Amino acid sequence: MQGIVLSKNANLYTIESKGKIYKINPSGKTKRQGIYVGDNVEFEDSITKVLPRKNFLIRPPLANLDRLFIVISPSPKPDFKLVDKLLIYCTLNNITPFLVINKCDIVNNEFLEKIENSYQSIVKIIKISAKNHKISELEENIKGISAMAGQSAVGKSSIINAIFKEEITNTDSLSKKIERGKQTTRLVTLYKMKYGYLADTAGFSLLDMSLAGNLDYHELSSYYPDFLEARAKCKFRSCLHESGDCGVINGVKEGAISNLRYENYLGILEELKNSKRF
Ligand SMILES: Nc1nc2c(ncn2[C@@H]2O[C@H](COP(=O)(O)OP(=O)(O)OP(=O)(O)O)[C@@H](O)[C@H]2O)c(=O)[nH]1
Ligand SMILES: [Mg+2]
Ligand SMILES: [Zn+2]
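Parameters at a glance
- Residues numbered from 1 in each chain as written.
- Chains lettered and ligands numbered in written order.
- Predicted model: local features only at pLDDT ≥ 70, side-chain atom pairs only at ≥ 80, totals over all residues.
- Helix = DSSP H or I, 4+ residues; strand = E, 2+ residues; numbered from the N terminus.
- Buried ≥ 20, exposed ≤ 12 C-beta atoms within 10 Å, placed from the backbone.
- Pairing = 2+ DSSP bridges.
- Axes fitted to C-alpha atoms, helices over the stretch in contact; angles between N-to-C directions.
- Near = placed C-beta within 6 Å.
- Nonpolar A, V, L, I, M, F, W, Y, C, P; charged D, E, K, R; others polar.
- Core = buried A, V, L, I, M, F, W, Y, C linked by C-beta atoms within 7 Å.
- Domains from an automatic or database assignment.
- Contact = placed C-beta atoms within 7 Å.

*Asks:* Residue-level account of the environment of Gly28, with values.
*Replies:* Within the element layout of this structure, Gly28 appears in helix α1 (residues 28-33). Taking the C-beta count within 10 Å as the criterion, Gly28 has 9 such neighbours and is therefore assigned exposed.

Right under this line is the structure:
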């Protein structure tokens, strides 16, 4: 039989196959190879084979992530450089990103316009309010294996809370519930939704959002689809778009490229350059 690993507890894996749940041990071989939440596996009495992965995240340990919901809100103020790093991370790992604006009950037009101007050409924007339970557009987009990422206090736990429609008013008590004790804090569980699975990644680590090691800074601008047209007008193919006769800089001046996106590009470029110098 073939199924998907939903969770792991000690040496026992919870597997879903055709709507049924099984608790299965690994074989010696698959245990040595490593089995992770999100893996597609073949099993009978034990897990006999782990099928090839499309990607693998280390923190949280999760295989085969299809969609990442990058959550921002008017308060706390968004860290757009982090948003852009997550977008690049998604491209690198073959993950479809979504930009989720939470707290739309308190959002103003200026805030929305700024985000739409910079991002609507490169990523699907979803507007929700966990507080008002207006989350259907997010729910409909939970397909394959999906997870959320975002700064502290943007409302990730509140969104999960609203999705599960649990009568928990205190978000802190929910995060405790999700963590389920010390031993499992670093583990992930997949929850079956209408069209896919949502990873309860209360601990999606943004501190590890370093792109260094995965990306050569010379290649950085190729991860900016919004720079593509302007890049063709750079004098040199090796242009890093920092100065000189540069199509991207001209694009920013003419308003074809978002200033916010360009500033973040320069910031990430600098970080990548510095990470090469030990
Ligand atoms: N106005 C408004 N407030 C919200 C909304 N969603 C969450 N909040 C509030 O934002 C605060 C932070 O929400 P959490 O759900 O704890 O945020 P989090 O992203 O899980 O934060 P961490 O667990 O620290 O990463 C809480 O006070 C929530 O009540 C919303 O849609 N509108
Ligand atoms: Mg939380
Ligand atoms: Zn250039």
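Back to the text.
*Asks:* Got a sec to walk through the sheet that holds strand β11 (residues 144-149)? Specific residues and values, please.
*Replies:* Strand order in the open sheet formed by six strands is β10-β9-β8-β11-β13-β12, and the pairing between neighbours is mixed. Two strands in the sheet have a free side with no partner beyond their single neighbour: β10 (124-127) and β12 (190-192). Across the sheet, the axes of successive neighbouring strands diverge by a mean angle of 30 degrees, strand direction being ignored.

*Asks:* Give a detailed account of the sheet that holds strand β1 (residues 2-9), specifying residues and quantitative values.
*Replies:* By way of backbone hydrogen bonds, the strands of a sheet pair with one another, either parallel or antiparallel. Around the barrel, which closes on itself, the five strands sit in the order β1-β2-β3-β5-β4 with mixed pairing between neighbours. Strand-to-strand twist across the sheet, computed as the mean angle between neighbouring axes with direction ignored, equals 55 degrees. Relative to strand β3 (residues 20-26), strand β2 (residues 12-17) runs antiparallel, the two being bridged by five bridges. Paired with Ile15 across the two strands is Tyr22, which belongs to β3.

*Asks:* Describe the site of ligand 1, with residues and values.
*Replies:* What surrounds ligand 1 is a group of 17 residues, the closest being Lys131, Ser152, Gly155, Ser157 and Ser158. Mapped onto the shell around ligand 1, the elements with two or more residues apiece are α5 (156-164) and α6 (171-179). Broken down by element, the residue count for the shell around ligand 1 peaks at three residues, all from α5. Here the shell around ligand 1 is built from residues that sort into four nonpolar, nine polar and four charged.

*Asks:* Lay out the nonpolar core in plain terms, naming residues and giving numbers.
*Replies:* With 53 residues, the main nonpolar core has Val5, Leu62, Leu68, Ile70, Val71 and Val100 as its most contacted residues. Ranked by the residues each element gives to this core, the list is headed by helix α2 (residues 80-93), at six residues. Residues from two domains meet in this core; each of domain 1 (2-52) and domain 2 (62-199) gives at least three. Sequence-distant contacts of Leu62, defined by excluding residues within four places in its chain, comprise Tyr36, Val37, Gly38, Leu57, Ala147, Val188 and Ala199. One finds Leu220, Tyr224, Cys234 and Val252 within the second-largest nonpolar core, a separate group that totals 13 residues.

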